[in-house]
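# Examining the three-dimensional arrangement
In case you want the letters, here they are:
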Amino acid sequence: EAQVTQNPRYLITVTGKKLTVTCSQNMNHEYMSWYRQDPGLGLRQIYYSMNVEVTDKGDVPEGYKVSRKEKRNFPLILESPSPNQTSLYFCASSLESGRTQYFGPGTRLLVL
Amino acid sequence: KNEVEQSPQNLTAQEGEFITINCSYSVGISALHWLQQHPGGGIVSLFMLSSGKKKHGRLIATINIQEKHSSLHITASHPRDSAVYICAVSRGAQKLVFGQGTRLTINP
């Protein structure tokens with residue numbers, strides 16, 4: 001089944017404790033993105049990747065890191081999480097730039 | 001002012017009604033996307049448009065590039081259509097900008 005998977009789905013952590021949210025797609029898509037969704041602010045793009053080893057900042061990259069060492073995986077790294085990073089995070093992939101996006105199920109993160 | 005504006009923000013209707021959700025944008029785009037987010041949180045892509053009109057089942061999406069406006073229509077609405085509908089525009093390579101979403105509730 002074609003899909004985008006994210007892990008974990010739910011995470012409660014404390015300020016400063018490094019964490020990684022994994023994202024994997026099995027559709028051989030070139031492009032992958034991370035978004036966060038907050039009440040009143042909607043969805044905002046954090047980082048995106050056009051191919052292996054090619055990443056770029058979205059609108060809200062501060063406090064996040066990404067890497068794209070393999071085509072299928074695009075992990076989101078929070079080196080030192082803070083409470084303002086409490087949010088619902090979505091990973092998405094698409095075949096090429098601007099095409100239909102396929103979203104993962106979301107990761108709900110709470111930083112205490 | 002947001003680059004992508006949706007209206008209305010909330011919409012409640014009775015089953016069977018014709019639904020229209022609007023999206024206006026203020027920037028140059030390469031494509032416009034309509035997404036559906038169900039109460040459980042999952043997001044599904046409904047349409048991607050760069051011109052004209054697309055139809056899938058009871059859903060129709062149109063775009064007017066000159067007026068920078070798109071509409072999503074639902075015919076013969078059903079309670080299972082209740083969701084948040086999100087308009088997003090593609091700007092350049094893989095950069096998406098989202099509207100705030102329209103919360104649609106269809107009552108039986």
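Here the structure is a predicted model, which is why all the values come from computation and not from measurement.

### Here's the deal with the side chain of B:Ser70
Residue and element names in this part refer to chain B. Residue position: Ser70 is located in strand E8 (residues 69–74). You can call Ser70 buried: its relative accessible area is 0%. Among the polar contacts listed, one links the side chain of Ser70 to the side chain of Trp34, at a separation of 3.0 Å. Only 2.6 Å separates the side chain of Ser70 from the backbone oxygen of Thr62, close enough to count as a polar contact. The contact partners of Ser70, leaving out residues within four places of it in the chain, are Ile21, Asn22, Cys23, Leu32, Trp34, Leu49, Thr62 and Ile63.

### Here we look at the packing of aromatic side chains
One pass over the full model with this rule turns up four aromatic pairs over all chains. Taking 5.1 Å as the distance between ring centres and 90° as the angle between the ring planes, the aromatic pair formed by A:Tyr35 and B:Phe98 counts as edge-to-face. With A:Tyr35 in strand E4 (residues 31–38) and B:Phe98 in strand E10 (residues 96–98), this pair bridges two chains. One exposure class covers both A:Tyr35 and B:Phe98, and it is buried. Ring geometry for A:Phe90 versus A:Phe103: centroids 6.4 Å apart, planes at 85°, classification edge-to-face. Here A:Phe90, found in strand E9 (residues 87–94), pairs with A:Phe103, found in strand E10 (residues 102–103); they are 13 residues apart in sequence, far enough to count as distant. In this structure, A:Phe90 and A:Phe103 share a single accessibility class: buried. An aromatic cluster is present here, built from A:Tyr35, A:Phe90, A:Phe103 and B:Phe98 joined pairwise through their rings.

### Quick look at the environment of B:Glu17
Residue and element names in this part refer to chain B. Note on placement: Glu17 falls in the loop between strand E2 (10–14) and strand E3 (19–25). With relative accessibility at 37%, the residue Glu17 sits in the partly exposed group. Through-space distance from the C-alpha of Glu17 to that of Thr105 is 11 Å; in sequence the pair is 88 residues apart. A polar atom in the side chain of Glu17 sits 3.0 Å from the backbone nitrogen of Gln14.

### Some remarks on the confidence of the model for chain B
Close inspection of predicted coordinates is inappropriate for parts of the model with low pLDDT. Model confidence for chain B is summarised by a mean pLDDT of 93, while 97% of its residues fall at 70 or above. Confidence scores differ between elements of chain B, with E10(B) showing the lowest mean pLDDT of 89 and E8(B) the highest of 98.

### Structural notes on the nonpolar core
Counting residues in each nonpolar core, the largest one holds 22 residues, and the members touching the most others are B:Val4, B:Ile19, B:Leu32, B:Trp34, B:Leu72 and B:Tyr85. Here B:Leu72 is in contact with B:Ile19, B:Thr20, B:Ile21, B:Trp34, B:Leu46, B:Phe47, B:Ile60, B:Ala61 and B:Tyr85, once residues within four sequence places are set aside. If you look at the next biggest cluster of nonpolar residues, it comprises 19 residues, including A:Cys23, A:Met27, A:Trp34 and A:Val111.

### Let's talk about the interface of chain B and chain A
Every contact between the two is made by 17 residues of chain B and, on the other side, 25 residues of chain A. Between chain B and chain A, roughly 1700 Å² of surface is buried when both sides are summed, and carbon and sulfur atoms account for 52% of that area. Linking chain B to chain A there are zero salt bridges. Linking chain B to chain A there are two residue pairs in polar contact (both at pLDDT 80 or more). When residues of the side of chain B that touches chain A are traced back to their parent elements, those giving at least two are strand E4 (31–37), strand E5 (43–49), strand E9 (83–90) and E10 of chain B. Here the side of chain B that touches chain A gets four residues from one element, more than from any other, and that element is E4(B). Of the residues belonging to the side of chain B that touches chain A, the class tally is eight nonpolar, eight polar and one charged.

### Examining the state of the cysteines
Using the criterion set out here, one finds two disulfides over all chains in the structure. The disulfide bridge from A:Cys23 ends at A:Cys91, spanning 1.8 Å between sulfur atoms. Judged by the sign of its S-S torsion, about -70°, the cystine formed by A:Cys23 and A:Cys91 is left-handed. Residue A:Cys23 is found in strand E3 (residues 19–25), and its partner A:Cys91 is found in strand E9; the two are separated by 68 residues along the sequence. A relative accessible area of 2% places A:Cys23 in the buried class. Linked covalently through their sulfurs, B:Cys23 and B:Cys87 form a disulfide whose S-S length is 2.0 Å. Because the sign of the S-S torsion sets the handedness, a value of about -60° for the bond joining B:Cys23 and B:Cys87 places this disulfide among the left-handed ones. Here B:Cys87 lies in strand E9 and B:Cys23 lies in strand E3, a separation of 64 residues in the sequence.

About the cut-offs
Residues numbered from 1 in each chain as written. Chains lettered and ligands numbered in written order. Predicted model: local features only at pLDDT ≥ 70, side-chain atom pairs only at ≥ 80, totals over all residues. Heavy atoms only, no water. Helix = DSSP H or I, 4+ residues; strand = E, 2+ residues; numbered from the N terminus. Buried < 20%, exposed > 50% of the residue type's maximum accessible area, 1.4 Å probe, protein only. Polar contact = N/O pair within 3.5 Å; in protein donor to acceptor, adjacent residues only side chain to side chain. Contact = heavy atoms within 4.5 Å. Phe/Tyr/Trp six-rings, centres within 6.5 Å; stacked < 30°, edge-to-face > 60°. pLDDT = per-residue confidence, 0-100. Core = buried A, V, L, I, M, F, W, Y, C linked by side-chain atoms within 4.5 Å. Buried area = accessible area lost by both parts, 1.4 Å probe. Salt bridge = Lys/Arg side-chain N within 4 Å of Asp/Glu carboxyl O. Nonpolar A, V, L, I, M, F, W, Y, C, P; charged D, E, K, R; others polar. Disulfide = S-S within 2.5 Å.

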